[in-house]
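# Structural characterization, general
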Amino acid sequence: MDLVTRFSDSTVNCLRAGLPAACDGVRPTTEAGLQALCDGLLKAAGKRLQREFPYARWGLVGTKPDWSEDEINLWIELKFARKRPAPPGRISDEIATDITKYGHNSKRVLFIIFDPDRSIQDDSRFIEPILSHRGMRAEVVR
């Protein structure tokens, strides 16, 4: 198992263990709120990630991952699956756009989809097209 896979596994495991407890009773209502909560959990777990960095150009627009770990060439993107205002179809569209933008930079990308209400009915079917792209990985966290 390579370093990126081990780092990705431990990152996903950290959020799988911490997010349900952190969201018990009061759940973030926005993706930005979820990112802040996850940032605290990841820092507490000793993850040394850069937040919203680096800024990369794609055509005429800029883009940046939610977190990055430059030493192992990994970008991490967090998505919040909710029935409203961001149903699973919209999350799929956002990920497809990210794959297009991030695919040109030779980075490996870990997509973490927080789905506390089981908006995604079939995880494998949802993740399959993401995995068909080289360097892309996706995990659903509940």
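Refer to the structure presented above.
Residues numbered from 1 in each chain as written. Predicted model: local features only at pLDDT ≥ 70, side-chain atom pairs only at ≥ 80, totals over all residues. Heavy atoms only, no water.

### Remarks on the pairing of strand 6 (residues 108-114)
For the record, the criterion: In this scheme, a residue with accessible area under 20% of its type's maximum is buried, one over 50% is exposed, and one in between is partly exposed, where area comes from a 1.4 Å probe on protein chains only. Only runs of H or I of at least four residues qualify as helices and only runs of E of at least two qualify as strands under DSSP, and these elements are numbered from the N terminus. The pairing criterion for strands is at least two bridges between them, as found by DSSP. Seen with its strands pointing away from the viewer, a crossover is right-handed when the path leading from the first strand over the helix to the second is clockwise.
Judged by how many residues are buried, strand 6 sits mostly within the fold: six of seven residues are covered. In this structure, strand 5 (residues 74-80) lies alongside strand 6, joined through seven bridges in parallel fashion. Bridge pairing in strand 6 links Glu77 to Phe111. One ladder, built from six bridges, connects strand 6 with strand 7 (residues 136-141); its direction is parallel. Paired with Ile112 across the two strands is Glu139, which belongs to strand 7. After leaving strand 6, the chain enters helix 4 (residues 123-131) and then returns to the sheet as strand 7, a path that is right-handed.

### A few points about the pattern of salt bridges
Note the threshold: Salt bridge, as used here, is a side-chain nitrogen of Lys or Arg placed within 4 Å of a carboxyl oxygen of Asp or Glu.
Enumeration according to the criterion identifies 14 salt bridges in this entry. Between Arg27 and Asp117 there is a salt bridge, and its shortest N-O distance comes to 3.0 Å. Taken together, the positions of Arg27 in the loop between helix 1 (3-22) and helix 2 (31-44) and Asp117 in the loop between strand 6 and helix 4 put the pair 90 residues apart, joining distant regions of the chain. Look at Arg27 and you get partly exposed, because its relative accessible area is 36%. Among the residues examined, Asp117 registers a relative accessible area of 37% and is labelled partly exposed. What emerges from the salt-bridge pattern is a single network uniting Glu77, Lys79, Arg90, Glu94 and Asp98.

### Looking at the packing of aromatic side chains
We count it as follows: Think of it this way: a Phe, Tyr or Trp ring, Trp meaning its six-membered ring, pairs with another when their centres are within 6.5 Å, and the plane angle makes it stacked under 30 degrees, edge-to-face over 60, tilted otherwise.
Per the counting criterion, the structure on display carries two aromatic pairs. Consider the rings of Trp75 and Tyr102, whose centres lie 4.9 Å apart with planes at 90°: the pair is edge-to-face. Here Tyr102 lies in helix 3 (residues 88-102) and Trp75 lies in strand 5, a separation of 27 residues in the sequence. Like Tyr102, Trp75 is buried. Their ring planes at 40° and their centres at 5.6 Å tell us that Phe80 and Phe114 sit as a pair that is tilted. Of the two residues, Phe80 sits in strand 5 while Phe114 sits in strand 6, which places them 34 residues apart along the sequence.

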